[in-house]
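Residue strings, one per chain:
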Amino acid sequence: MLFKKAIFFGSLLFFSGILVSQNRQMPDGGSAPAIGKIKGVVSDNKTKQAVEFATIALYKTKDSSLVNGVVAGAKGDFQLSELPFGRYFMKINFIGYKQLVIDSIAIRPKETEIDLGQIKLKSNTEQLGEVEVVSEKSTLQLGIDRKIFNVEKSIVSEGGSASDVLQSIPSVSVDIDGNISMRGSGNVVVLIDGKPSGLTGTSRAAILQQIPASSIESIELITNPSAKYDPEGMSGIINVITKKNKLNGFNGSVTLGAGTGDKYNAGATISYRNSKVNVYANYGFRSNNRTGDGSTLRQNFLSDTTFFLRQDFKSLNKNISHNVKAGLDFYLNDKNTLGASVMYNTGTESGNETINFYEADNNDVTSGSYARDVETSETPISIDYNLNYRKTFTKPKQELIFDATYSDAVGGKSESYVERDYTLKYDFKNNEPYKQNSVTKSKNTITTLMLDYVQPLKKQMKWELGAKTTLRSIGSDFTSEVYDYPSDLFMIDTNLSNNFIYSENIYAAYSTISGTIKNFGYQLGLRAEQANTTSTLVTTDEKFVNNYFNVFPSVHLSQKLKKEQEFQVSYSRRINRPNTRNLNPFKDYSDPYNIRYGNPFLKPEYINSYELSYLKYFPKGVITATAYFRQTDGVVQRYKIISDSTTSFITFVNLDKSQSYGLEFILKTDITKWWNITFSANGFQTKIDGGAQADLQNENLSYIIKLLSNMRIWKNMDIQFTANYNGPTATLQGEVKSMFTMDLGLKKEIFKNASLSLNITDLTDARKMQIVGNNDPSFYQEMNRKRESRVATLTFSYRFGKMSENKRSRPDKQNNGGFEGGGDMGM
């Protein structure tokens, strides 16, 4: 009895702290009166006796934040009062019983009091069954302005990378090289824990393939962010949130996996948390070998004569990566928290590729051929340091947040080229085959300083303001050597070597005002930015300066309707700045038939984005529908120019404009108690107008269809299936062809806190890239590329520790406003 009393008083103190800290806050920041009540009685399923001292905790469905809590009385009865209108889920716990989670609780103006009746708990030796429950977060959480994908629920991506996880998310596409697009646009900003990072710098696709899925907690998508956030990215923000401990006491986990084709992965987490401190660390390892092949066929039309060029290649790439994150949070007192973390990523990348070149005359008769062997190796290293401070005040929702991040990424890439087996017109070269070595030293540093302040006002209004400084420097020092036969030495080729440095300093300030009037919500925001950019070609002592000032307004309006419905209309102005590859004017001759160079005179793209969204909850699911329109002025596009019978030059230009409009539909529903699906369809029309810069136009209708199915066919056995179809997408000079893939995953709990999973990616081995260039009178081109994608992976996972949720009243850093999201999104 003494033990039970200790539990009772401990729980009472915990929930009293929650009640004080919440101070009757609205779950959505709304103005509706807090008059809702939820009551019930907790009892033993078998004996029917009351479960005294059971803890009852109520959470928001929207962001899983804790709202209120209470301890069951002597008769097992409880009541939660003064609850605002909204949707909730409830967790009931007591020692010796399985946790019970009651989903889909809704308090409405016409239903302010909810009686849950008898809530029957089953002992740890029995299986739940009296009420419809879920014990974990769903794979995908849908909101009217964002989507949150919980990675721990993704079976098909276990043993994979961040890129593999992104493939399962509605409206997101990842090509075979790891390049990301959202709603058909590749201009999307990827953040790590809400901040820009050296990890997502000059080789974002490669780095995302190195971050193990086991190191990721969730991924957020925001398609039309407010003025609080950085305005970069045409189609929005993807925020990769890495794992951070949220459990009390000592906890940890270990994962080990192996895949077909000599692929391995491992991960570990360890943490300790109490009322004063939270210490955590995680480690992820990936060893990934992949084969690849492809071909390119191009016809060049010059002076009424057609010339043919064909390239075939085969490759083998080997990547090993290590990813470590460690952090420490000090809870100085109830209103002040100081945190620090560091994330370190390193590895090795190596590859071998053989390319065969064939040239033919206008009769398609081969006139010459040769082979080229390419060997590459790279050792990227990146490290991110973060320091943050959060202060809350006596007034609810008033807070001050400071965040400082320094990111440093360096890399050394070496390449070796040897040409051989010359025939026909190139036969004379067999005596002295061409040999070339190159080394690229890269360095990418980012410093961000950020200050946010939130001031609650009267009548459910909230004023937010903040400032941010981003200092970015990206350097690429390329040295090329060509073998000189007379001296038997490799000599530096000054015509090919170059050193390019890009610096970008952005100073920003923003302010937003938001509130609700009955069921109508609003947020108005304005962001001002001064950007100072300099591109320096050190080799030739050339500088290209581009400084500009911009303002970025945003408007978000929402209306809640009866029967769990909500509308939102939003507008934001955004920007997409050229990257270093777009800007570096030095020519890249690594492919002598396709010579690439940047354009230092490129201007940023400016995007006006509009969305109209609808959300509807129903007893077993949720539907969202969004109509959107984007106009991009000064759109940056890759542009190919035919030089002669075999050579093309590829650069980047600012076109007049592009327009994209579409409709996105997402349905998430429980078909049965053991089967739920998420279906999404996104159809969009894209029109590109080259204007005076390129006298070309192109448009097409495309669509993205995805299905995510989760089934529990018997006790502790889950099956997950995904299907993805990406329709054809327009480019200025052609289109990217459609692609359809399917993945399958199985997961079985083999004993307490341990599971075994098996997943197979790309079941039909159909994942490949096909690009057709058919919209330019000077050439026609077909390109096909394939990387090894059908892979089976077996993964073992084990968790240890208390595995109980943190019960502090102090929330983790997140924005609780109706229009903003969770995580450390910052600005």
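If you're wondering where the values come from, they're calculated on a predicted model, not measured in any experiment. (Residues numbered from 1 in each chain as written. Predicted model: local features only at pLDDT ≥ 70, side-chain atom pairs only at ≥ 80, totals over all residues. Heavy atoms only, no water.)

**Comments concerning the sheet that holds strand β34 (residues 648-654)**
Inference 1: In spatial order, the strands read β30-β34-β33; together these three strands make up an open sheet with mixed pairing. Each edge of the open sheet carries a strand with a single partner, namely β30 (594-596) and β33 (636-642). The mean inter-strand angle of the sheet, taken between neighbouring strand axes irrespective of direction, is 35°.
Inference 2: Bridge analysis of β33 against β34 gives seven bridges, and the strand direction is antiparallel. Counted as the bridge partner of Gln637 is Val653 from β34. (Pairing = 2+ DSSP bridges. Helix = DSSP H or I, 4+ residues; strand = E, 2+ residues; numbered from the N terminus. Axes fitted to C-alpha atoms, helices over the stretch in contact; angles between N-to-C directions.)

**A closer look at the environment of Ile750**
Inference 1: Tracing the backbone shows Ile750 in strand β41 (residues 739-751).
Inference 2: Assessed through its relative accessible area of 41%, Ile750 is described here as partly exposed.
Inference 3: Each C-alpha atom of the pair Ile750 and Asn716 lies 8.1 Å from the other, and the pair is 34 residues apart in sequence.
Inference 4: Leaving out residues up to four positions away in the same chain, Ile750 has contacts with Ser755, Leu756 and Phe796. (Buried < 20%, exposed > 50% of the residue type's maximum accessible area, 1.4 Å probe, protein only. Contact = heavy atoms within 4.5 Å.)

**Details of the side chain of Glu359**
Inference 1: Secondary-structure assignment places Glu359 in strand β19 (residues 336-360).
Inference 2: For Glu359, the side chain forms a polar contact with the side chain of Tyr426, separated by 2.6 Å.
Inference 3: Look past the residues within four positions of Glu359 in its chain and what remains in contact with it is Phe308, Leu309, Val365, Thr366, Ser367, Gly368, Lys425, Tyr426, Tyr593 and Thr646. (Polar contact = N/O pair within 3.5 Å; in protein donor to acceptor, adjacent residues only side chain to side chain.)

**Let's talk about the sheet that holds strand β5 (residues 86-93)**
Inference 1: Read across the open sheet, the four strands follow the order β3-β2-β5-β6; overall the sheet is antiparallel. The sheet terminates laterally at β3 (66-71) and β6 (100-107), the two strands that pair on one side only. Averaged over all neighbouring strand pairs, the angle between strand axes comes to 20°, with direction disregarded.
Inference 2: When strand β2 (residues 55-60) meets β3, the two strands line up antiparallel, connected through five bridges. Its bridge partner lying in β3, Ile56 is registered against Val70.

**So, the nonpolar core**
Inference 1: Residues Ile38, Val42, Ile56, Met90, Ile92 and Leu121 are the most contacted members of the largest nonpolar core, which totals 27 residues.
Inference 2: Contributing elements (two or more residues each) for this core: β1 (36-44), β2, β3, β4 (77-83), β5, β6 and β7 (113-121).
Inference 3: Broken down by element, the residue count for this core peaks at four residues, all from β6.
Inference 4: With residues near it in sequence (within four places) discarded, Ile38 still touches Leu58, Phe78, Gln79, Leu80, Leu83, Met90, Ile105, Ile107, Ile114 and Leu116.
Inference 5: Among the nonpolar cores identified, the runner-up in size contains 23 residues, and Ile169, Val174, Ala213 and Ile219 belong to it. (Core = buried A, V, L, I, M, F, W, Y, C linked by side-chain atoms within 4.5 Å.)

**Observations regarding unusual backbone geometry**
For residues besides glycine, phi is generally negative; the peptide bonds are generally trans as well.
Inference 1: Phi at Asp421 takes a positive value of approximately 55°, unusual for a residue other than glycine.
Inference 2: Relative to the helices and strands, Asp421 resides in strand β22 (residues 399-424).
Inference 3: Here the phi dihedral of Asp541 falls at roughly 55°; this positive angle occurs in a residue that is not glycine.
Inference 4: Structurally, Asp541 can be placed in the loop between β27 (520-537) and β28 (542-561).

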